[in-house]
Every structure is written in C-alpha cells, then in structure tokens.
Amino acid sequence: MVLVQQQKQQIISDYQVHETDTGSADVQVALLTERINRLSQHLQANKKDHTSRRGLLKMIGRRKQLLAYILRHDEQHYRQLIERLGIRG
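Reading the values: rules and limits
- Residues numbered from 1 in each chain as written.
- Predicted model: local features only at pLDDT ≥ 70, side-chain atom pairs only at ≥ 80, totals over all residues.
- Heavy atoms only, no water.
- Helix = DSSP H or I, 4+ residues; strand = E, 2+ residues; numbered from the N terminus.
- Contact = heavy atoms within 4.5 Å.
- Areas by Shrake-Rupley, 256 points an atom, 1.4 Å probe, with all protein chains shown as cover.
- Lys, Arg positive; Asp, Glu negative; His and termini not counted.
- Charge placed at Lys NZ, Arg CZ, Asp CG, Glu CD.
- Buried < 20%, exposed > 50% of the residue type's maximum accessible area, 1.4 Å probe, protein only.
- Polar contact = N/O pair within 3.5 Å; in protein donor to acceptor, adjacent residues only side chain to side chain.
- Phe/Tyr/Trp six-rings, centres within 6.5 Å; stacked < 30°, edge-to-face > 60°.
- Lys NZ or Arg CZ within 6 Å of the ring centre and 35° of its normal.
- Core = buried A, V, L, I, M, F, W, Y, C linked by side-chain atoms within 4.5 Å.
- Salt bridge = Lys/Arg side-chain N within 4 Å of Asp/Glu carboxyl O.
- pLDDT = per-residue confidence, 0-100.

Quick look at the overall build of the chain now. A count of helical and extended segments in the chain gives 4 helices and 0 strands. In sequence order, the secondary structure elements of the chain are arranged as α-α-α-α. The principal-axis extents of the C-alpha atoms in the chain amount to approximately 40 × 30 × 20 Å. Across the chain, the fraction of contacts at a sequence separation of at least 24, relative to all contacts at a separation of at least 6, is 50%. Summing over all exposed atoms, the chain offers an accessible surface of approximately 6,400 Å²; the carbon and sulfur share of this is 48%. Charge centroids of the chain, computed over 15 positive and 9 negative side chains, lie 14 Å from each other.

The residue Thr33 is located in helix H2 (residues 25-45) in this model. A relative accessible area of 4% places Thr33 in the buried class. Side-chain polar atoms of Thr33 contact the side chain of Arg63, separated by 3.3 Å. Setting aside residues up to four positions removed in sequence, Thr33 forms contacts with Arg63, Leu85 and Ile87.

Another point: the packing of aromatic side chains. The geometry of an aromatic ring pair comes down to the distance between the two centres and the angle between the two planes. The tally for this structure, following the rule as stated, stands at 0 aromatic pairs. Between Arg84 and the ring centre of Tyr15, over which it is positioned, the NZ or CZ distance is 4.1 Å.

Take the nonpolar core next. Looking at soluble globular proteins, one finds that nonpolar side chains tend to be buried together. One finds Tyr15, Val29, Leu31, Leu67, Ile70, Leu81 and Leu85 to be the most contacted residues of the largest nonpolar core, which totals 23 residues. Elements represented by at least two residues in this core include exactly helix H1 (5-15), H2, helix H3 (50-73) and helix H4 (75-85). At 9 residues, the largest contribution of residues to this core is made by H2. Ignoring sequence-local partners within four residues, the contact set of Leu31 consists of Leu3, Lys8, Ile11 and Ile12.

A word on the pattern of salt bridges. What the rule picks out here adds up to 2 salt bridges. Of the charged contacts, one joins Glu34 and Arg38 as a salt bridge, the two residues approaching to 3.1 Å between their closest N and O atoms. Placement of both Glu34 and Arg38 in helix H2 is noted, with a separation of 4 residues, approximately one turn of the helix. The class of Glu34 is partly exposed, set by a relative accessible area of 25%.

Our next topic: the confidence of the model for the chain. Of all residues in the chain, 98% have pLDDT values of 70 or greater, and the mean over the chain is 95. At the low end of the mean pLDDT range in the chain sits H1, at 95; at the high end sits H3, at 98.

Dropping the structure here:
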C-alpha cells in the first residue's frame, strides 16, 4: 500500500517540470493519484476500514485543490495533466 522510494522517484522523474523539481503541483498531483489508486484497491478488499477511507477523502480533497490551482494558472496544462494521469472520466 505504501509507495516504495524507487516507485516514488520514477513518478517524480516522469512528471517533473525541470531537472531538480521534486515538489511542483504536477508532481504532487501525480504522487497523490498513485496513493489514491492504491488506497482505493485496499478499500475494495477491506470495506470496513473507515479510518483509511477518511484518509482517502482527505487525499482526494488535496488533489482537487492542487488541480484547481493548476487550472487557474494554465488551462491547457491542466487538460494535458488530467489526460496523462487518466483522471476525470
């Protein structure tokens, strides 16, 4: 359920804006999306794990805020990012 450091580094390198970027909104959204996907799978198997469900909802809210920030600043970039991540229908 936890992201291994190697997987995390791979996601960062795939979504970073420049060479030393580790915390831009794109990277944060990509990491949150991966954690959300993993936690969703966990909750399908463990339906009564309400504490993890609360954490999932908090992560979804945080990702929503970051996506709104990206949308305010560059709509074309926002559309490319959500298409690349495969979110929003």
